Amino acid sequence: MDADVLKKVALFEGLTQGQLAKVAQIGHSRTYPAGAFLFREGDAGQEMFVIAEGKVRISKSVPGVGEEALAVLEPGQYFGEMAVIEDSPRSADAIAHVSCAVWVIERSRLDQLMFTDKDLAYVLLWTFVRTLSERLRETNEKIKGFFALSRF
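Residues numbered from 1 in each chain as written. Predicted model: local features only at pLDDT ≥ 70, side-chain atom pairs only at ≥ 80, totals over all residues. Heavy atoms only, no water.

For the protein, the name recorded in an unreviewed UniProt entry is Cyclic nucleotide-binding protein, with Corallococcus macrosporus DSM 14697 as its organism.

In structure tokens:
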């Protein structure tokens, strides 16, 4: 992925041009047809994704209800970042909502880059914290909505 394109991704906004070039070197692209799973809830996660083209649906399977879409992400958005922060199974499914192209960053390569560039690591980790906090807030609001609906 081009460093100029990466600069438009919220995760990388605070990076210098040189740091963006380093990040651009560690990723690779992948394409998925509509309906394909990029990963499933419970899978081991070793990579995160940035959407270059198309849309990706993040969802959970709710027993007795079926698929509950948590978000539909568009180009420039990223997901799967929890896999590069912690060593836990995927917490949701990621499904190509329409055919899509994503840019994939492997955990080991990002770890190595952050180890060698502490300023880059600082910016990325704080952005991860803000993203996770925002997503937790959104999830809490959805849970409130589910409880409100379940009373009827």
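Having seen the model, we can carry on.
1. Description of the overall build of the protein
Which entries qualify depends on this criterion: Under the scheme used here, helices are H or I runs from DSSP no shorter than 4 residues and strands are E runs no shorter than 2 residues, and both carry numbers assigned from the N terminus. When we talk radius of gyration, it's over C-alpha atoms, and the globule rule is simply 2.2 Å times the number of residues to the 0.38. When accessible area is computed with a 1.4 Å probe and restricted to protein chains, residues below 20% of their type maximum are described as buried, those above 50% as exposed, and intermediate ones as partly exposed. Whether two residues are in contact is decided by their heavy atoms, any of which lying within 4.5 Å being enough. Each accessible area value is a Shrake-Rupley result obtained with a 1.4 Å probe; residue values ignore everything except the protein chains displayed when judging cover. None of His or the chain ends enter the tally, which takes Lys and Arg as positive and Asp and Glu as negative. Where a charge sits is defined by one atom per residue type, namely NZ (Lys), CZ (Arg), CG (Asp) or CD (Glu).
For the protein, the count of helices and strands is 5 helices and 8 strands. For the protein, the N- to C-terminal ordering of α and β elements is α-α-β-β-β-β-β-β-α-β-β-α-α. For 152 residues, the compact-globule formula gives about 15 Å, and the C-alpha radius of gyration of the protein, at 16 Å, lands near that figure. Taking the principal axes of the C-alpha coordinates as reference, the protein spans close to 55 × 30 × 25 Å. Burial status across the protein gives 37% buried among its 152 residues. For the protein, restricting intrachain contacts to residue pairs at least 6 apart in sequence, the fraction spanning at least 24 positions comes to 71%. For the protein, the exposed surface amounts to about 8,900 Å²; the carbon and sulfur share of it is 56%. For the protein, the separation between the mean place of its 18 positive charges and that of its 21 negative charges on side chains is 2 Å.

2. So, the pattern of salt bridges
Just so we agree on the cut-off: The salt bridge criterion pairs a side-chain nitrogen of Lys or Arg with a carboxyl oxygen of Asp or Glu, the two atoms within 4 Å.
Going through the model one piece at a time under the given rule, you end up with 7 salt bridges. Of the charged contacts in the structure, one is a salt bridge between Glu-47 and Arg-30, with a shortest N-O distance of 2.9 Å. Highlighted residues: Glu-47 in strand β3 (residues 47-53) and Arg-30 in strand β1 (residues 27-32), separated in sequence by 17 residues.

3. Points about the nonpolar core
Stated precisely, the cut-off is as follows: Throughout, nonpolar core names a set of buried Ala, Val, Leu, Ile, Met, Phe, Trp, Tyr and Cys residues whose side chains join them through atoms within 4.5 Å.
Ranked by internal contacts, the top residues of the largest apolar core, which has 23 residues, are Leu-11, Phe-12, Val-23, Ile-105, Leu-110 and Leu-124. In this structure, Leu-110 is in contact with Ile-26, Val-84, Ile-105, Leu-124 and Phe-128, ignoring residues within four places of it in sequence.

4. Considering the UniProt feature "domain: Cyclic nucleotide-binding" (unreviewed entry) in the protein
Just so we agree on the cut-off: UniProt positions are given in the numbering used here, feature names are shortened, and annotations may be inferred rather than shown by experiment.
Within this numbering scheme, the UniProt entry marks residues 11-131 as carrying the feature "domain: Cyclic nucleotide-binding" (unreviewed entry). Secondary structure across residues 11-131 divides into 31% helix and 36% strand, with the first and last C-alpha atoms of the span separated by 9 Å.

5. As for the sheet that holds strand β7 (residues 93-96)
Cut-off, in case you're wondering: Two strands qualify as a pair provided DSSP detects at least 2 bridges between them. Between the N-to-C directions of two axes lies an angle of 0 to 180 degrees, each axis being a line fitted to C-alpha atoms and, for a helix, fitted only over the stretch in contact.
A sheet is described by the order of its strands in space; here 4 strands give the open sequence β2-β7-β4-β5, paired in antiparallel fashion. At either end of the open sheet lies a strand with only one pairing partner, and these are β2 (37-39) and β5 (66-73). Taken over all neighbouring pairs, the strand axes of this sheet differ in orientation by 35° on average, direction set aside. Two elements, β2 and β7, share 2 bridges in a ladder whose sense is antiparallel. Of the residues in β7, the one forming a bridge with Phe-37 is Ile-95.

6. Some words on a nonpolar patch on the surface
Put simply, the test is: Two distance rules govern patches: like charges are joined within 9 Å, and nonpolar side chains (Val, Leu, Ile, Met, Phe, Trp, Tyr) within 5 Å, applied only to residues with over 30% relative accessible area and no salt bridge.
Together, Tyr-122, Trp-126 and Val-129 make up a nonpolar patch on the protein surface, roughly 350 Å² of accessible area in all. Here Val-129 is to be found in helix α5 (residues 118-150). Val-129 sits in the partly exposed class, given a relative accessible area of 45%.

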